[in-house]
Amino acid sequence: MFLHSINLWNLAFYVFMVFLATLGLWDVFFGFEENKCSMSYMFEYPEYQKIELPKKLAKRYPAYELYLYGEGSYAEEHKILPLTGIPVLFLPGNAGSYKQVRSIGSIALRKAEDIDFKYHFDFFSVNFNEELVALYGGSLQKQTKFVHECIKTILKLYKGQEFAPKSVAIIGHSMGGLVARALLTLKNFKHDLINLLITQATPHVAPVMPLDRFITDFYTTVNNYWILNARHINLTTLSVAGGFRDYQVRSGLTFLPKLSHHTSALSVVSSAVPKTWVSTDHLSIVWCKQLQLTTVRAFFDLIDADTKQITQNSKKKLSVLSHHFIRHPSKHFEENPAIISDLTGTSMWVPVKVSKWTYVAYNESEKIYFTFPLENHRKIYSHVYCQSTMLDTNSWIFACINSTSMCQQGVDLSWKAELLPTIKFLTLRLQDYPSLSHLVVYVPSVHGSKFVVDCEFFKKETRYIQLPVTHLFSFGLSSRKVVLNTNGLYYNLELLNFGQIYQAFKINVVSKCSAVKEEITSIYKLHIPWSYEDSLTIAQAPSSTEISLKLHIAQPENDSHVALLKMYTSSDCRYEVTIKTSFSQILGQVVA
């Protein structure tokens with residue numbers, strides 16, 4: 001009888017564990033947002049021109065091939081070699097097709113057409129015969145050596161051209177990104193053959209499924225080399241993760257170890273990338289239009305006007321990638337932007353002395369400069385916040401030094417602004433700018449378009465509000481709530497005690513608005529200061545909005561930053577924020 005009861009308890013325990021594992025798997029595979037990527041389309045019929053390899057090379061690698069992507073008339077023109085563009089090599093991942101290059105290749109072609117082919121890129125792709133290298137790593141070394149030969153073959157296609165390239169850029173999807181990094185471990189590989197490496201959903205840290213010693217040995221060789229030779233590796237590298245939609249490669253695996261790079265690498269999740277702001281699954285990351293547009297814009301900004309190839313300046317490369325993938329000021333990239341701007345011409349100058357101000361621009365016939373004197377505001381407030389719904393790339397906010405009511409020249413603060421889907425904004429701490437006398441907001445003459453500009457001065461303690469997260473074992477039965485009643489445009493909720501992978505929460509934001517005729521948009525941004533994995537939620541107020549709260553990267557031990565929920569709100573609304581533990585998502589984090 002006793003043994004029978006023990007068996008029943010064991011059975012109940014195992015059933016319970018299976019139930020928990022099932023809940024966790026369900027959250028991993030289904031507990032994410034819908035796919036918000038737009039599909040990228042070809043404007044003309046895609047063609048893949050097979051590049052003839054040397055006979056010895058083709059015989060040594062009979063299963064592998066090299067292709068050049070093209071469309072329509074462009075493809076016809078480039079059947080006659082040599083080439084004249086900028087070479088980019090795409091490496092597919094596990095079971096990947098060389099045809100996956102078509103999305104970024106087509107978008108880059110359209111961009112080149114827009115500038116009358118002043119510059120253009122030639123996209124090559126390797127056919128690895130869709131090998132399952134994530135399951136069996138025996139082919140990884142062979143793929144790496146073949147890619148090395150492909151790079152040398154590609155560069156020979158430009159022989160004799162005035163601006164012939166000496167290196168290629170590589171885009172690697174999934175395991176293709178790891179193969180690209182492995183190139184540097186080859187004894188006879190010259191590092192300057194690669195000028196840029198962008199990886200998409202590549203598990204850099206460790207294999208997703210270490211099924212054989214070939215995979216584990218390959219990872220050990222690659223990562224040890226990059227760590228031990230960190231000071232000598234000058235390859236600018238960008239790793240882009242797909243976020244929670246990618247259940248095949250957890251984003252935490254895609255972050256390049258900080259030990260191996262201090263100034264030449266960036267790791268970011270696609271949901272944090274400006275003008276992308278969506279999570280991608282493991283395959284959609286290669287065709288997601290928002291992300292591919294961002295990548296192509298960066299490629300064109302990386303071009304050196306003198307060499308007509310990708311710049312060799314490492315500082316510029318990182319600056320361009322940061323501009324497009326980390327923090328976008330709603331300005332076109334400039335390597336050396338003009339900080340001082342002339343504020344002259346026949347324009348109206350309107351002084352504003354209130355601490356909170358809104359201006360609606362519609363069919364304005366004159367340019368207007370609104371000036372905010374800072375001397376009195378400094379005595380009362382610590383910060384100033386301005387936002388505009390006009391998302392063009394012109395400069396819009398300036399600062400004057402030792403001015404009275406108007407100034408001929410101003411410091412262009414537009415480069416310090418940030419871009420969100422519906423607004424561009426700037427927050428300044430006043431004590432950081434003691435020499436500034438006025439803040440100037442510029443409203444251009446507009447015809448037929450309407451936009452709103454808002455500014456407000458505030459004390460930090462009224463907008464930075466602490467919200468401790470609930471206990472891990474509260475199982476969602478308890479919650480914590482804060483109510484925002486200060487009619488502000490901007491709040492920072494400090495999420496205390498939130499920094500571990502195994503934590504997961506649900507936040508509910510309820511907005512209640514006074515009678516308004518037009519739709520009010522609120523933006524909620526989860527900001528993780530120790531890694532680039534921010535995520536955005538856009539809501540129409542009044543509404544009740546649920547936000548998932550979980551991490552890709554745990555907070556480092558020596559990091560004292562606090563995760564933030566940044567809220568870009570409306571002064572016509574009141575907001576209630578409630579947080580509680582999400583047990584199902586905790587299980588999903590543990591399983592993943």
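Keep in mind it's a predicted model, so treat the numbers as computed, not measured.

Draft legend 1. View of the sheet that holds strand 23 (residues 480-484). If you trace the four strands from one edge of the open sheet to the other, you get 23-30-25-28, paired in antiparallel fashion. Each edge of the open sheet is held by one strand with a lone partner, namely strand 23 and strand 28 (543-550). Across the sheet, the mean angle from the axis of one strand to that of its neighbour is 15°, orientation sign disregarded. Bridge analysis of strand 23 against strand 30 (residues 573-581) gives five bridges, and the strand direction is antiparallel. Paired with arginine 480 across the two strands is isoleucine 579, which belongs to strand 30.

Draft legend 2. Broad picture of helix 9 (residues 314-325). End to end, helix 9 covers 16 Å across twelve residues, agreeing with the expected 16 Å (1.5 Å per residue, within 8%). Buried residues of helix 9: Lys316, Lys317, Leu318, Val320, Leu321, His323, His324 and Phe325, and no others. Those residues of helix 9 that are buried lie in contact with strand 6 (194-200), strand 7 (237-241), strand 8 (265-269), helix 8 (289-301), strand 9 (303-304) and strand 10 (309-310). One side-chain oxygen at the N-terminal end of helix 9 lies 2.9 Å from the backbone nitrogen of lysine 315; it belongs to asparagine 313.

Draft legend 3. Just the state of the cysteines, in detail. Scanning the model with the defined rule gives four disulfides in all. Between cysteine 37 and cysteine 288 runs a disulfide, and the two sulfur atoms are separated by 2.2 Å. Disulfide cysteine 37 to cysteine 288: torsion about the S-S bond roughly -90°, handedness left-handed. Here cysteine 288 lies in the loop between strand 8 and helix 8 and cysteine 37 lies in the loop between helix 1 (2-30) and strand 1 (46-50), a separation of 251 residues in the sequence.

Draft legend 4. Inspection of the packing of helix 4 (residues 102-114) against helix 8 at higher detail. Look at helix 4 against helix 8: their axes get within 9 Å of each other, and the N-to-C directions meet at 50°. Judged on the interaxial angle alone, helix 8 and helix 4 are oblique. The chirality of how helix 4 crosses helix 8 is right-handed. Across the interface between the two elements, Ile104, Ile107, Ala108, Lys111 and Ala112 of helix 4 pack against Lys289, Gln292, Leu293, Thr295, Val296, Phe299 and Phe300 of helix 8.

Draft legend 5. Representation of a nonpolar patch on the surface in the model. A grouping of Leu132, Leu135, Tyr136, Val208, Met209, Leu211 and Phe214 is seen on the molecular surface, where their side chains present a nonpolar patch of about 630 Å² in accessible area. When you line up the elements, leucine 132 lands in the loop between strand 4 (121-127) and helix 5 (140-156).

Draft legend 6. Looking closely at helix 5. In this model helix 5 runs 25 Å from its N-terminal to its C-terminal C-alpha over 17 residues, within 8% of the 24 Å that 1.5 Å per residue would give. The element helix 5 is largely enclosed, with a buried count of twelve among its 17 residues. When helix 5 is considered as a whole, its buried residues turn out to be Leu140, Gln143, Thr144, Phe146, Val147, His148, Glu149, Cys150, Ile151, Thr153, Ile154 and Leu155.

Draft legend 7. Quick peek at the sheet that holds strand 6. In spatial order, the strands read 1-2-4-3-5-6-7-8; together these eight strands make up an open sheet with mixed pairing. Edge positions in the sheet fall to strand 1 and strand 8, since each of these pairs with one other strand and no more. Between one strand and the next, the sheet's axes are offset by a mean angle of 25°, whatever the strand orientation. One ladder, built from four bridges, connects strand 6 with strand 7; its direction is parallel. Residue pairing in the sheet places leucine 197 in a bridge with threonine 237 of strand 7. Packed on one face of the sheet, helix 9 meets strand 6, strand 7 and strand 8 and runs near 10° to strand 8.

Draft legend 8. The nonpolar core, seen in detail. Of all hydrophobic cores here, the largest spans 45 residues; its most connected members are Phe121, Phe123, Ile171, Leu238, Phe299 and Phe325. By residue number, the principal contributor to this core is helix 8, which donates five residues. Leaving out residues up to four positions away in the same chain, phenylalanine 325 has contacts with Leu238, Val240, Val268, Ala272, Val273, Pro274, Leu291, Thr294, Thr295 and Ala298. Membership of the second largest hydrophobic core comes to 44 residues, among which are Leu68, Leu89, Ile151 and Ile194.

Draft legend 9. Spotlight on the environment of lysine 99. In this structure, lysine 99 sits in the loop between strand 3 (86-91) and helix 4. Separated by 26 residues in sequence, lysine 99 and serine 125 place their C-alpha atoms 7.5 Å apart.

Draft legend 10. Up close: the domain arrangement of the protein chain. The domains assigned to the protein chain are domain 1 (46-326), domain 2 (340-459) and domain 3 (463-591). Each of domain 2 and domain 3 was reduced to a C-alpha centroid, and the two centroids are 29 Å apart. In this assembly, 14 residues from domain 2 lie in contact with 13 residues from domain 3. Together, the buried faces of domain 2 and domain 3 total about 1200 Å²; carbon and sulfur atoms form 65% of this surface. The tally of links between domain 2 and domain 3 comes to one salt bridge. One salt bridge in this structure joins glutamate 456 and arginine 463, with 2.7 Å as the shortest N-O distance. Examining the composition of the side of domain 2 that touches domain 3, we find that four residues originate from one element, strand 21 (residues 450-458), more than from any other. The class makeup of the residues in the side of domain 2 that touches domain 3 is six nonpolar, two polar and six charged.

Cut-off values and rules
Residues numbered from 1 in each chain as written. Predicted model: local features only at pLDDT ≥ 70, side-chain atom pairs only at ≥ 80, totals over all residues. Heavy atoms only, no water. Pairing = 2+ DSSP bridges. Helix = DSSP H or I, 4+ residues; strand = E, 2+ residues; numbered from the N terminus. Axes fitted to C-alpha atoms, helices over the stretch in contact; angles between N-to-C directions. Expected span 1.5 Å × (residues − 1). Buried < 20%, exposed > 50% of the residue type's maximum accessible area, 1.4 Å probe, protein only. Contact = heavy atoms within 4.5 Å. Polar contact = N/O pair within 3.5 Å; in protein donor to acceptor, adjacent residues only side chain to side chain. Disulfide = S-S within 2.5 Å. Parallel < 35°, antiparallel > 145°, perpendicular 65-115°, else oblique. Left-handed = near helix turned anticlockwise from the far one by under 90°. Patch = residues over 30% accessible without salt bridge, like charges linked within 9 Å, V, L, I, M, F, W, Y side chains within 5 Å. Areas by Shrake-Rupley, 256 points an atom, 1.4 Å probe, with all protein chains shown as cover. Salt bridge = Lys/Arg side-chain N within 4 Å of Asp/Glu carboxyl O. Core = buried A, V, L, I, M, F, W, Y, C linked by side-chain atoms within 4.5 Å. Domains from an automatic or database assignment. Buried area = accessible area lost by both parts, 1.4 Å probe. Nonpolar A, V, L, I, M, F, W, Y, C, P; charged D, E, K, R; others polar.

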